[in-house]
Amino acid sequence: MLDQYNAFDYHGAINYSWEITMGKGFSLETYPWVYTSKYTENKEWKDEYTEKPHKSPEEEALMAEKELSELLQKRNSFPELPLVNYTTQYGMGCFEGMKAYPQKDGSLKIFRPDENASRMKRSMEGLMMPGFPEDKFLEASINIVRKNRDCGFFPKYDPAWEADNYVSGHSIYIRPFSYSEPAIGLSVSSSPWIVFIATPVGSYFDPGSSKAVVTEKFRATPGGTGWIKCDANYVVPILAKKEAALNGFMEAVFLDSVEQKYVEEGSSCNIFFKLKDGTLVTPSLGDTILPGINRKSVIELAKDISVTVEERKIEISEVMEKADECFVTGTAAGVSYIESLTYNGKTAVFNNGVQGELTAELQKMLKSIQYGAVEDTKGWMVAV
Ligand SMILES: *Cc1c(COP(=O)(O)O)cnc(C)c1O
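Scoring rules and cut-offs
- Residues numbered from 1 in each chain as written.
- Predicted model: local features only at pLDDT ≥ 70, side-chain atom pairs only at ≥ 80, totals over all residues.
- Heavy atoms only, no water.
- Helix = DSSP H or I, 4+ residues; strand = E, 2+ residues; numbered from the N terminus.
- Contact = heavy atoms within 4.5 Å.
- Areas by Shrake-Rupley, 256 points an atom, 1.4 Å probe, with all protein chains shown as cover.
- Pairing = 2+ DSSP bridges.
- Axes fitted to C-alpha atoms, helices over the stretch in contact; angles between N-to-C directions.
- Expected span 1.5 Å × (residues − 1).
- Buried < 20%, exposed > 50% of the residue type's maximum accessible area, 1.4 Å probe, protein only.
- Core = buried A, V, L, I, M, F, W, Y, C linked by side-chain atoms within 4.5 Å.
- Polar contact = N/O pair within 3.5 Å; in protein donor to acceptor, adjacent residues only side chain to side chain.
- Domains from an automatic or database assignment.
- Buried area = accessible area lost by both parts, 1.4 Å probe.
- Salt bridge = Lys/Arg side-chain N within 4 Å of Asp/Glu carboxyl O.

**Side note on the overall build of the chain**
For step 1, the next point in the chain: Helix and strand content of the chain: ten helices and 17 strands.
For step 2, the next point in the chain: Overall, the chain is about 55 × 50 × 40 Å in size when its C-alpha atoms are taken along their principal axes.
For step 3, the next point in the chain: Taking all contacts inside the chain whose residues are at least 6 apart in sequence as the whole, residues at least 24 apart take part in 71%.
For step 4, the next point in the chain: Accessible area of the chain: about 16500 Å², with a carbon and sulfur share of 51%.

**Some words on the sheet that holds strand β8 (residues 251-255)**
For step 1, the next point in the chain: Read from one edge to the other, the open sheet built from five strands follows the order β9-β8-β7-β15-β16, with strand pairing classed as mixed. Two strands close off the open sheet at either side, each with one partner strand: β9 (263-265) and β16 (346-349). On average, each strand axis in the sheet is tilted by 30° relative to the strand beside it, whichever way the strands run.
For step 2, the next point in the chain: Relative to β8, strand β7 (residues 211-214) runs parallel, the two being bridged by three bridges. Bridge pairing links Val214 to Val253 in β8.
For step 3, the next point in the chain: On the sheet, helix α7 (residues 235-246) packs against β7 and β8 and is oriented at approximately 125° with respect to β8.

**Looking at helix α6 (residues 134-150)**
For step 1, the next point in the chain: For α6, which comprises 17 residues, the first-to-last C-alpha distance of 24 Å matches the rise-based estimate of 24 Å (1.5 Å per residue) to within 8%.
For step 2, the next point in the chain: Every buried residue belonging to α6 is among Lys136, Phe137, Ala140, Ser141, Ile142, Asn143, Ile144, Val145 and Asn148, and all of these are buried.
For step 3, the next point in the chain: Of the residues trailing α6, Gly152 is marked for its positive phi of about 95°.

**Description of the sheet that holds strand β17 (residues 381-383)**
For step 1, the next point in the chain: A sheet is described by the order of its strands in space; here seven strands give the open sequence β2-β1-β6-β5-β3-β4-β17, paired in antiparallel fashion. The outermost strands of the open sheet, each flanked by one partner alone, are β2 (45-51) and β17. Neighbour to neighbour, the strand axes of the sheet diverge by 25° on average, direction disregarded.
For step 2, the next point in the chain: Across three bridges, the pairing between strand β3 (residues 98-102) and strand β5 (residues 171-179) is antiparallel. In the strand pairing of β5, Met98 is matched with Ile174.

**So, the side chain of Glu60**
For step 1, the next point in the chain: Considering the arrangement of structural elements, one finds Glu60 in helix α2 (residues 57-61).
For step 2, the next point in the chain: What makes Glu60 buried here is its relative accessible area of 5%.
For step 3, the next point in the chain: If sequence neighbours within four positions are ignored, Glu60 has contacts with His54, Lys55, Leu68, Leu71, Arg75 and Phe153.

**What about unusual backbone geometry?**
For step 1, the next point in the chain: The phi dihedral of Arg112 falls on the positive side, at around 45°, and the residue is not glycine.
For step 2, the next point in the chain: Tracing the backbone through its elements, the reader meets Arg112 in the loop between β4 (108-111) and α5 (113-126).
For step 3, the next point in the chain: Arg112 sits in the buried class, given a relative accessible area of 7%.
For step 4, the next point in the chain: Backbone geometry places Asn351, a non-glycine residue, at a positive phi of 50°.
For step 5, the next point in the chain: Tracing the sequence through the fold places Asn351 in the loop between β16 and α10 (357-370).

**Description of the nonpolar core**
For step 1, the next point in the chain: In this structure, Ile110, Met124, Phe132, Val145, Ile172, Ile174 and Phe196 are the most contacted members of the largest nonpolar core, which totals 30 residues.
For step 2, the next point in the chain: Put simply, the parts of the chain that give this core at least two residues each are β1 (33-39), β3, β4, α5, α6, β5 and β6 (193-201).
For step 3, the next point in the chain: Broken down by element, this core gets its largest block of residues, five residues, from α6.
For step 4, the next point in the chain: Filtering out sequence-adjacent residues up to four positions away, Phe196 remains in contact with Val34, Tyr35, Met98, Phe132, Phe137, Ala140, Ser141, Ile144, Ile174, Arg175 and Pro176.

**Focus: the environment of Tyr166**
For step 1, the next point in the chain: For Tyr166, the location among the structural elements is in the loop between α6 and β5.
For step 2, the next point in the chain: We classify Tyr166 as buried; its relative accessible area is 4%.
For step 3, the next point in the chain: Along the sequence, Tyr166 and Gln363 sit 197 residues apart, while their C-alpha atoms lie 9.3 Å from each other.
For step 4, the next point in the chain: Of note is the side chain of Tyr166, whose polar atom sits 2.6 Å from the side chain of Tyr157.

**Things to note about the domain arrangement of the chain**
For step 1, the next point in the chain: Looking at the assigned domains, one finds that the chain contains domain 1 (22-201) and domain 2 (211-369).
For step 2, the next point in the chain: Summarising the inter-unit geometry, the C-alpha centres of domain 1 and domain 2 are found 27 Å apart.
For step 3, the next point in the chain: Taking both sides of the interface into account, the surface hidden between domain 1 and domain 2 amounts to around 1900 Å²; carbon and sulfur atoms contribute 60%.
For step 4, the next point in the chain: Considering only the side of domain 1, the residues that lose the most area to domain 2 are Phe95, Phe111 and Arg119, jointly responsible for 30% of the buried surface there.
For step 5, the next point in the chain: Joining domain 1 to domain 2, the criterion identifies one salt bridge.
For step 6, the next point in the chain: Lys296 serves as the salt-bridge partner of Glu115, at 2.9 Å between the closest nitrogen and oxygen.
For step 7, the next point in the chain: Counting across the domain 1 and domain 2 interface gives eight residue pairs in polar contact (both at pLDDT 80 or more).
For step 8, the next point in the chain: Residue assignment for the side of domain 1 that touches domain 2 shows that the elements contributing at least two residues are β3 and α5.
For step 9, the next point in the chain: Top element by residues in the side of domain 1 that touches domain 2 is α5. It accounts for six residues.

**Description of the pairing of β2**
For step 1, the next point in the chain: In terms of strand pairing, β1 meets β2 through seven bridges, oriented antiparallel. Across the sheet, Lys38 pairs through a bridge with Lys46, a residue of β2.
For step 2, the next point in the chain: Here β1 folds back onto β2, and the loop between the two strands holds five residues, one of which, Lys43, carries a positive phi near 60°.

Now the structure itself:
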């Protein structure tokens, strides 16, 4: 029987690269309920929840690939949205990514959706669109998970995930995004849609393939859009990651575009280094770095266990010499260790190429909160 959470080919991909690898499957497996909201001429957001065609998850799991693919295509079709517009023609759009986690008690909880709500608003305003209200974002996040759950579409908690501290755990990925009104001229979107879709994500961790390479490409420049989560920011990282993959690396790491010596980010994730003196360093935020919610959470968790955390500029030369652990953070990545980093033909191997102690500890702390294995004393988890 086809396991609905393993319908994609995750093999050879470490878990933070699923956005790129999931496209290799027959189709994108979105859940039936979607949310759309349109900014109207009256300057109001008009909400709509739609139940797309589906069978029961059990019936869908038994469907032939071609039939299922046709059904999923119907699910991923939004005839009311215009094809030609500022988003499809010029990349004038932004998005979010967050996850809902199955809890031990059978419920589902979303990790810090209030943070995604405020970042989405900042991204939209950064693209000179009307910002989507944070309370509406929160409500839609909860409702999209609830409505899909109520028709059977959600991952069930599996105690087997406890054995590896939830590295193998499944969750629901929620993808809100903006989409412009019909247009072909050069301008900003003034009456966009917001769309929320949800899709199951599993996890596949291949410990043999987390080599990273410093790319010569630049993700963001001062005065650009690196600080918001907009579509256009992804073009260069996807190319850099593909180029890295063709050379046998799993991740591309970006340097700053001005001096070309400070480490900034991974392809779609923030980056941390544990130095040999025990300090945890991550590049400070600015207009070329995306303020990740996992970044912020990991900084807080590290401080909780009395690790010295520095948010500052960090030179690639310092990393190559002084780091003995490296990991990336993001909603898809969680906390994922990087075994080595290659720069200018030289390779620094971190902790003999295996996951370091601090990386493992922070990964465990974060996942334990997300899956409800420990009490959420920080109020990060929002019940559905
Ligand atoms: C989304 C994203 C991240 C990670 O942000 P999270 O809120 O932790 O998921 C990091 N870097 C870039 C460039 C991103 O787009």
